[in-house]
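A closer look at the structure
What follows is each chain in one-letter form.
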Amino acid sequence: MIEDLRELKFERLEDAVAEVESLLQTGYTQRGKWNLAQICRHLSLVQDPAVDGYPKWMLLFAPLWPVMRRFFLPRILKGDSPQGIPTTPIFVPAENLEDAAEAEIFAESVTRFKSHEGRYHWHPGFGRLDRETLETVYTTHAAHHLRFLEPRTGT
């Protein structure tokens, strides 16, 4: 577990996009497993299914939704995401990605999420969530990952 990570909190997904753009400008020091490109790809991979739908096999977790919503969702919404939990392989990013390209894809994913007018698809861990709660899940998720990148100061 990595100690002394910077604290990040985003009110809106657009704030996460602004942080990504800032890291592109300043450069960064990677303190975790993933670089900026990998984090952006992961965030898009996790967030896009809210509009497109998650794989049906993830419905296997549906019986756990009441427990997850009661015990884990409040923790996630407070920004208390645990470190070290393995990511489902379909959401693990490749290694050979380019920061600027993935940052643009993430920004497009956020725009798409925010402009979606219908119901969002069920979340694999929590079931059906309203727009505001789902955005909070995604903003805390983005803050959790982006805190592993330290902006470079002075060159």
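Use the structure listed above.
Overview of the structure. As the structure is a computational prediction, the values presented were derived from the model and not from experiment. Here the residue numbering is sequential within each chain, running from 1 through the sequence in written order. For this predicted model, a pLDDT threshold of at least 70 governs which residues receive local features, and a threshold of 80 or more governs which side-chain atom pairs are given and counted, while totals over whole chains, interfaces and linings are taken from all residues. To obtain the side-chain values, all non-hydrogen atoms of the structure were used and water was disregarded.

1. A few points about the overall build of the protein
- Each helix and strand counted, the protein has six helices and two strands in total.
- Written out in order from the N terminus, the α and β elements of the protein read α-β-α-α-α-α-α-β.
- In terms of overall size, the protein behaves like a compact globule, its C-alpha atoms giving a radius of gyration of 15 Å where 155 residues would be expected to give roughly 15 Å.
- Its C-alpha atoms put the protein at 50 × 35 × 30 Å along the principal axes.
- Partitioning the intrachain contacts of the protein with sequence separation of at least 6 by distance along the chain shows that 84% fall at a separation of at least 24.
- Exposure was quantified through the Shrake-Rupley algorithm and a 1.4 Å probe, taking into account, for residues, occlusion by the shown protein chains and nothing else. Within the structure as shown, the protein displays about 9,000 Å² of accessible surface, and the carbon and sulfur contribution to it stands at 53%. Each helix is a run of H or I in the DSSP string that is no shorter than four residues. Each strand is a run of E no shorter than two, and both are numbered from the N terminus. Based on C-alpha atoms, the radius of gyration is set beside the globule rule, defined as 2.2 Å times the residue count to the power 0.38. Any two residues whose heavy atoms approach within 4.5 Å at even a single point are treated as in contact.

2. Thoughts on a nonpolar patch on the surface
- Excluding any residue in a salt bridge, patches collect residues exceeding 30% relative accessible area, merging like charges within 9 Å and nonpolar Val, Leu, Ile, Met, Phe, Trp and Tyr side chains within 5 Å. Criterion for a salt bridge: a side-chain nitrogen of Lys or Arg within 4 Å of a carboxyl oxygen of Asp or Glu. A contiguous nonpolar patch, built from W57, L60, F61, L64 and I90 and spanning about 520 Å² of accessible area, is present on the exposed surface.
- Within the secondary structure layout, F61 lies in the loop between α3 (49-52) and α4 (65-77).

3. Looking at the nonpolar core
- Counting residues in each nonpolar core, the largest one holds 36 residues, and the members touching the most others are L36, F106, Y138 and L146.
- Counting only elements with at least two residues in this core, the list comes to α1 (13-26), α2 (36-47), α3, α4, α5 (99-115) and α6 (131-146).
- Ranked by residue count, the leading element in this core is α6, at six residues.
- Leaving out residues up to four positions away in the same chain, F106 has contacts with A16, V17, V20, C40, L43, S44 and Q47. Put simply, a nonpolar core is a bunch of buried Ala, Val, Leu, Ile, Met, Phe, Trp, Tyr and Cys residues held in one set by side-chain atoms that sit within 4.5 Å of each other. In this scheme, a residue with accessible area under 20% of its type's maximum is buried, one over 50% is exposed, and one in between is partly exposed, where area comes from a 1.4 Å probe on protein chains only.

4. Structural notes on the environment of A37
- Topologically, A37 is positioned in helix α2.
- The sequence separation of A37 and P49 amounts to 12 residues, and the corresponding C-alpha distance is 19 Å.

5. What to know about the pattern of salt bridges
- Following the criterion strictly, the structure yields nine salt bridges and no others.
- The residue E150 makes a salt bridge to R31 at a minimum N-O spacing of 3.5 Å. Linking E150 in strand β2 (residues 149-151) with R31 in the loop between β1 (28-30) and α2, this pair joins segments that are 119 residues apart in sequence.
- We classify R31 as partly exposed; its relative accessible area is 29%.
- In this structure, R112 and D48 form a salt bridge, with 3.8 Å as the shortest nitrogen-oxygen distance.

6. A word on the packing of α1 against α5
- Angles here are taken between N-to-C directions and fall from 0 to 180 degrees, while the axes themselves are lines fitted to C-alpha atoms, restricted in helices to the stretch in contact. In the contact formed by α1 and α5, the axes pass within 10 Å of each other and the chain directions differ by 170°. By the angle between their directions, the pair α1 and α5 is classed as roughly antiparallel. Along the contact surface, α1 presents L13, E14, A16, V17, V20 and L24, while α5 presents D99, A100, A103, F106, A107, V110, F113 and K114. What sets the label is the angle itself: under 35 degrees gives roughly parallel, over 145 gives roughly antiparallel, 65 to 115 gives roughly perpendicular, and the rest give oblique.

7. So, the packing of aromatic side chains
- Only centres within 6.5 Å qualify two rings of Phe, Tyr or Trp (six-membered ring in Trp) as a pair; their planes then separate them into stacked at under 30 degrees, edge-to-face at over 60, and tilted for everything else. Within the structure shown, the criterion is met by six aromatic pairs.
- When the ring of Y54 is compared with that of F91, the centres are 6.4 Å apart and the planes differ by 85°; the resulting orientation is edge-to-face. Of the two residues, Y54 sits in the loop between α3 and α4 while F91 sits in the loop between α4 and α5, which places them 37 residues apart along the sequence.
- The buried category is assigned to Y54, whose relative accessible area is 5%.
- Residue classification places F91 among the buried positions, given a relative accessible area of 10%.
- Joined through ring pairs, the aromatic side chains of Y54, W65, F91 and W122 make up one cluster.

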